[in-house]
Amino acid sequence: MKERPPQAFGLNFLLSTLIFYRDGTIRAMFRAIETGVDGVSSSLANLPIGAHARVIAVNGTGAVARRLMEMGVVPGAQVRVIKTAPLGDPIEVRVRGYHLALRRTEAQTITVMPGK
Amino acid sequence: MSTTLESPASLQTSDQSSQRQARPLVIALAGNPNAGKTTLFNALTGLRQKVANYPGVTVERKEGIWQLAEGAPPARLIDLPGLYSLDAASLDEQIARDVITGRIAGLPAPDVIVAVVDATNLERNLYLVTQLLEYGRPMVVALTMYDLAERRGLKVDIKRLSEALSVEVVPVTAKQKRGLEELRRAIIAASARKGLVAGWCLSEQAERELAALVNPTGESADRHTALRELYGDELPEDEKRREAIRRARERLAETDGNWWQEPLLARYDWIERVSREAKNEDSHAPSTTESIDRVMTHRLFGPVILILVMLLIFQAIFSWASLPMDLIDRGFGALGDAARAGLPEGLFTDLLVDGVIAGVGGVLVFLPQILLLFFFIAILEDTGYMARAAFIMDRLMRGVGLHGKAFMPLLSSFACAIPGIMATRTIENPKDRIATIMIAPFMSCSARLPVYTLMIAAFFSTQKVLGFVSVGALMILAMYLLGIAVAICVAWIAKRTILKSPPPPLVLEMPPYRVPNFLTIFQTIWSRAWLFLRRAGTVILAISIILWALATFPRTEVKSNSDAAAVEATQEGASQEGEQLRNSFAGRLGHLIEPVIAPLGFDWKIGIALISSFAARETLVSTLSIIYNVGSDENESSLIEAVKEAKRPDGSPAWTPLVAVSMMVFFVLALQCMSTVAIVRRETNSWRWPLFMVGYMLALAYIASLITFQGGRLLGFT
């Protein structure tokens, strides 16, 4: 591996913190460190933008969980996080070839396995 | 036997049916929102369609006539509201289910269901198809966007899909009218078929429980009814059966905590198998929509574009609409003059001219604005931008407990609350919808502008702040902000009290961008405008007549008849008119409420104008003209002078800058618009909400006006 001067690392770290702080990427990174990127389940809300994942479980109950599943977010479905809204919430995901917006609170109830 | 009786005669060859009167075939179009259902409906029916409402609700009922087979009576084609599922989460879905099961009065269960399926979004669209199959009604699948899918490299094997679904699949391109003939043949063929079976099943235990419910005591309950009872929210009426279902659910829950997900999983499992058979692997090539959205919902550009779009709409409404508005205004003026000239003098003519023509004209003046707003809302909906606006604004709207979808209705209310309130139909949860309706009239609409303008022209026209910002402009801005602030507070409070419900969930499809279809858009505008005119019109007419009567009776003795015959609004005529108004019931009411409105700074003459303004806000201006004997034909500057010079009996001025501000605050908050009252009555289907709104908004207006006037006096303003 190439050595990096410590200052550059510090600067990079600061910059990426600034850039990623708002959209939850940092949270997702910590989460990834905790859990490992692939192979350990996470919640859909914690995935970084662009991440692919497979739905493992929809944990909510009631009308919202039902609607999510009717829209095709069922265990086994492949999802990809497209983007977050300008104010950080809701998020947009691609599922079954179309795009779906849902709030982070709803995304939190969906357990996914990161990876294609 | 019962099936033979119900079945339509048109296409049956049995001798029984030919003896009976032929009943037209009933065909229902069902499909997801944005699947191209309306385009297909228009292509099939042409313009032979009518729009009404399902009884008791505001769900639009679209029905058309379609000459299906030669020699047979034309079929009735029902366009169901767009839906994702039949599990009755929203009113639309409930109605659609009622139509399919034949529970709507005067509408037999459909003989054939045409499921409209978007080929570019096959799997999710097929979910509704699986549910429709469960009902076992004859069905045909109309595959839309087939050409679009092919261009994207998505191949759907029609034959295989048809085999897998066990119903005929017909690719259609409604715009070019391709596939319609095949669809017609498929429907005729399907109408004779019976006994469809959904190709999926549940786990062994669930199937056992279901089987036990299908035929528990010998009485027949269909499998789909049992399925809906076991897994749906509604329990049956019968106490014994309800108990059986409760116990079955408990047993299922013991084995699996997520037992209720089972049918959903089974359906999608089956869908995946079907679509693996029938279509090639989904290519993840970024679509045009994704590229457009890179800008449209961009972190920075997204909100900027949203603001620009709104600016464009408002610019259009306020500048383009003014010409037709002037024309309507003058047209009704001319109509009134003509009626007065052509009809014999008397009460009836007065009623017709001053009550009916002036009242209806006063509302119709806003029709160009309303139509333009309908137009823009329809375009935003049809292109798919509406979902993006909700996506961008949802975080802010959630702050006050509202849905992202509430943003557009509220914004349109800045031009006119009526299209705004009608646009709340897209909000699924009734409580969230009513909360949005409740605060929509706080947005300063265009009818308040004449009032603001008069007040500012009379008292704040010359002052400037910092040398260049006029006080008047600041005043208007303050009034807009006041409305928004109060709306936020009311929504916040309402969502925690009378409309208590958890923050509405947002599960929103972001549909692909589409070029709007102008035929569909004009149909939408037409049907909405017609609904407004017809339903609101009757209420407006009634209130206009009541207000006219209040201002006309009791009659003031006219000194000489020859004077009264002079129709021109001479100074004398105007003063006579003023005299009449002052002595009428409205005038007496003005006196009556004077003690109540005096703390707000209003005298009884202003009281009269205030009473009349509850018909429509801008009426204040014309009523003031009559009270101050200005005469309606004279220009506005003379009214400004009259307002400035109006005196109370003690000689002090009736209007001061503080009174003007108090008046504007009152107008920001009070619901002085009979059209809004009428439309809320229609949209909520009861008088409870509109009356409540009139009441609480009046209370708020009174309190705010009181604080403004008394507080202002304490601070030393006049």
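Look up a bit, the structure's there.
Note that the coordinates shown come from a computational prediction; the quantities given were computed from them, not determined experimentally.

**Describing the overall build of chain B**
From N to C terminus, chain B includes 33 helices and 10 strands. Burial status across chain B gives 43% buried among its 718 residues. Nonlocal contacts in chain B, meaning residues at least 24 apart in sequence, comprise 70% of its contacts between residues at least 6 apart.

**Some words on the sheet that holds strand β6 (residues 110–114) of chain A**
By definition, the strands of a sheet pair up through backbone hydrogen bonds, in either a parallel or an antiparallel sense. Strand order in the open sheet formed by 7 strands is β1(A)-β6(A)-β2(A)-β3(A)-β4(A)-β5(A)-β10(B), with antiparallel pairing between adjacent strands. Two strands close off the open sheet at either side, each with one partner strand: β1 (42–43) of chain A together with β10 (507–510) of chain B. Here strand β2 (residues 52–58) of chain A pairs with strand β3 (residues 78–84) of chain A via 3 bridges, running antiparallel. Paired with R54(A) across the bridge in β3(A) is Q78(A).

**Re the sheet that holds strand β4 (residues 75–79) of chain B**
Residues and elements named next belong to chain B. Taken together, 7 strands build an open sheet; the order of strands is β2-β3-β4-β1-β5-β6-β7 and the sheet is mixed. Looking along the sheet, the strands with just one partner apiece sit at the ends: β2 (49–53) and β7 (168–171). Neighbour-to-neighbour, the strand axes of this sheet turn through a mean angle of 25 degrees, independent of strand direction. Bridge count between strand β5 (residues 112–118) and strand β6 (residues 139–144): 6 bridges; the pairing is parallel. In the sheet register, A115 faces β6, and the bridge partner there is V141.

**Points about the interface of chain A and chain B**
In this complex, chain A contributes 29 residues to the contact, which on the side of chain B involves 28 residues. Of all the elements in the fold, those that place two or more residues in the side of chain A that touches chain B are α3 (62–70) and β5 (98–102) of chain A. Per-element accounting of the side of chain A that touches chain B gives the leading share, 7 residues, to α3(A). The residue inventory of the side of chain A that touches chain B, partitioned by class, reads 16 nonpolar, 4 polar and 9 charged. The pairing of β5(A) with β10(B) spans 4 bridges and is antiparallel. Across the sheet, residue H99(A) finds its bridge partner in β10(B), namely M510(B).

**Considerations on the environment of E63(B)**
Residue and element names in this part refer to chain B. Its place among the elements puts E63 in strand β3 (residues 60–66). On the neighbour-count criterion, E63 (18 C-beta atoms within 10 Å) is partly exposed. Here E63 is in contact with Q49, K50, R76, L77 and I78, once residues within four sequence places are set aside.

Cut-offs used in this document
- Residues numbered from 1 in each chain as written.
- Chains lettered and ligands numbered in written order.
- Predicted model: local features only at pLDDT ≥ 70, side-chain atom pairs only at ≥ 80, totals over all residues.
- Helix = DSSP H or I, 4+ residues; strand = E, 2+ residues; numbered from the N terminus.
- Buried ≥ 20, exposed ≤ 12 C-beta atoms within 10 Å, placed from the backbone.
- Contact = placed C-beta atoms within 7 Å.
- Pairing = 2+ DSSP bridges.
- Axes fitted to C-alpha atoms, helices over the stretch in contact; angles between N-to-C directions.
- Nonpolar A, V, L, I, M, F, W, Y, C, P; charged D, E, K, R; others polar.

Interpretation note: all reported values are geometric properties and have no functional meaning in isolation.
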